[in-house]
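Report on the structure
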Amino acid sequence: MSVRKMIIDTDCGSDDAVAIAMAVKESAVEVLMISTVVGNTSMSQGTINTLTTLGYANSYHPPVYKGCKRPLMQKPFYAYETHGDDGMGDIGLMPPRGATAADGHGVIKMLEILMAHEPNTIEIVCLGPLTNIAVAISLSLEVVHRAKSITIMGSAGFGIGNVSPVAEFNIRHDAEAAKIVLDSGLPVTFVGWDACLGDAIFDEDDIQRLRAIKPLGEFMIDCNKSLIEFNEDRFDRSILDFADPVAMAVALWPEVVTQCDKYPCEVDVSNGPGYGALVIDRNNEFGGEPNAYICTQVDAKLYKEKLFHVASL
C-alpha cells in the first residue's frame, strides 16, 4: 500500500501537539512539512511547540517552516487561558537541543511541495487559523488546487461556538482568511467543534489510560495541563475536549467518520456579533451550491482506540 502524503498547518498549542504526534506516528502517512501560523499563541512560540512535539514523538522529523505572524486584517488574540502562556501548559517543555525551524517561509514551501508532487496526491490538514492557506491561495490558486483535500479543524458545526455564541476559535481568529479558503472552490472538509464534544471528549479514565502510555502518552496529557485545569473550573471534573486530535483522526482514518455531508456554506465577515461564524445552509434555504463537507460526528470509541495505538508505537 502506498504511503499517503500530508502537509500540516498549525498554531501549535497543546491539542495541536497531540494531533501532530498522531500524524508522525501513523505509518500510513508521511508528513512532508509543517507550517506554523499565529493562533493559540504567537507564530514563533507555535514553532517552538511544534519542534518540541516532534522531539517527544520520537519519530521522523519533517521540516518545520515559520508562516504568517498575524491575521490578514484583524488583531491576533491568543488562547492563553486554555493552553497556557506558552501554549503547552507552562510546564517548561523545550525542543531538543539543536532543533530549529527550516529556512524559508511556510507558505512558499507549501506551494513548492505542491508543485513538486503530482496533483491530487497531497492532503493538507489545518489545525489553526487559515491565514497561511489563504495567502497561498492569493499567491497561486492553481497550485493550491493541486492538493487532494484540505481538512480543517474549524467552525461550530451545527452547535454553539467556543469563542462566541456562533463562532469557533480558528475561524473567528481570521475569518477573512477562512472566507478566501471557502470561496476558492478547494475540496474542503470542516471538522466542527460539535464533533469534538460528547463521547469524543477524553474523560478521567481516558486521560489516565493515555498518560500510562509512556513516554508519548504522558507527554500528550502533561502538555495539556492548562486545558485540564481550565475544564476543571468550568465543569468541576478533569476532561479534555481534544479538537485538533479529532480533526487529525478524520484526516488520518476516514473510517472514524460517522456523519459528514456537503452543504452550501458562507463565512460571516461582517462587523457584528456573527463575525467568524461558518454559516451552514443545512436546509438549502438560499439555493446555493454545496461547497464544503461538514463533519459533525465521529465514532468516538474507534477514534480513541486509534489514538491510544499510535501513542504506544
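The structure contained in this document is the topic of the report that follows. Being a predicted model, the structure only gives us computed values, none of them experimental. (Residues numbered from 1 in each chain as written. Predicted model: local features only at pLDDT ≥ 70, side-chain atom pairs only at ≥ 80, totals over all residues. Heavy atoms only, no water.)

1. Topic: the packing of helix α1 (residues 14-25) against helix α2 (residues 43-57)
Running from N to C, α1 and α2 point in directions that differ by 45°, and their axes come no closer than 9 Å. When the axes of α1 and α2 are compared, the pair comes out oblique. You can see that α1 and α2 cross each other, and the crossing is right-handed. In this structure, α1 contributes A17, I20, A21, V24 and K25 to the contact, and α2 contributes T50, T53, L54 and A57. (Axes fitted to C-alpha atoms, helices over the stretch in contact; angles between N-to-C directions. Helix = DSSP H or I, 4+ residues; strand = E, 2+ residues; numbered from the N terminus. Parallel < 35°, antiparallel > 145°, perpendicular 65-115°, else oblique. Left-handed = near helix turned anticlockwise from the far one by under 90°. Contact = heavy atoms within 4.5 Å.)

2. A few points about the pattern of salt bridges
In this structure the tally under the stated criterion is 11 salt bridges. One salt bridge connects R211 with D222, and the closest N-O pair in it is separated by 2.4 Å. With R211 in helix α9 (residues 204-211) and D222 in helix α10 (residues 216-222), this residue pair connects regions lying 11 residues apart in the sequence. For R211, a relative accessible area of 27% gives the class partly exposed. (Salt bridge = Lys/Arg side-chain N within 4 Å of Asp/Glu carboxyl O. Buried < 20%, exposed > 50% of the residue type's maximum accessible area, 1.4 Å probe, protein only.)

3. Considering helix α13 (residues 300-312)
A rise of 1.5 Å per residue sets the reference length of α13, with its 13 residues, at 18 Å; its end C-alpha atoms lie 19 Å apart and thus fit the reference within 8%. Residues A300, Y303, K304, L307, F308, V310 and A311 constitute the buried set of α13. Looking at the packing, one finds that the buried side of α13 touches α1, α9, α10, α12 (243-252) and β10 (292-298). (Expected span 1.5 Å × (residues − 1).)

4. As for the packing of α1 against α12
Geometry of a packed helix pair, given as the angle between the helix axes and the separation of the axes. At their nearest, the axes of α1 and α12 sit 7 Å apart, and the two run at 25° to each other. With respect to their mutual orientation, α1 and α12 come out roughly parallel. Classified by chirality, the crossing of α12 by α1 is right-handed. On α12, the residues touching D15, D16, V18, A19, M22 and A23 of α1 are A243, D244, P245, M248, A249 and L252.

5. Details of the sheet that holds strand β5 (residues 149-153)
Backbone hydrogen bonds are what pair the strands of a sheet, in a parallel or an antiparallel way. Taken together, eight strands build an open sheet; the order of strands is β3-β2-β1-β4-β5-β6-β10-β7 and the sheet is mixed. With one partner strand each, in any of the chains shown, β3 (64-66) and β7 (257-263) form the two edges of the open sheet. Going from strand to strand, the sheet's axes swing by 20° on average, the running direction of each strand aside. In this sheet, strand β6 (residues 188-191) lies alongside β5 in parallel orientation, the contact comprising four bridges. From the neighbouring strand, I152 faces β6, where its bridge partner is F190. (Pairing = 2+ DSSP bridges.)

6. A short note on the state of the cysteines
Enumeration according to the criterion identifies zero disulfides in this entry. Not part of a disulfide, C260 finds its nearest cysteine sulfur in C295, a span of 4.9 Å. Looking at C260, the relative accessible area reads 28%, which means it is partly exposed. Taking relative accessible area as the criterion, C295 reaches 0% and is therefore assigned buried. (Disulfide = S-S within 2.5 Å.)

7. Observations concerning the pairing of strand β2 (residues 29-36)
Across the eight residues that make up β2, a large majority, seven, are buried. Between the parallel pair strand β1 (residues 4-10) and β2, the chain is carried across by α1, and the sense of this crossover is right-handed. Where β2 lies against β3, three bridges are found, and the strand directions are parallel. Across the sheet, T36 pairs through a bridge with K66, a residue of β3. Chirality of the crossover, the property in question, places the unit of β2, α2 and β3 among those that are right-handed. (Right-handed = clockwise from strand over helix to strand, strands pointing away.)

These values are about where atoms sit, not about what they do.
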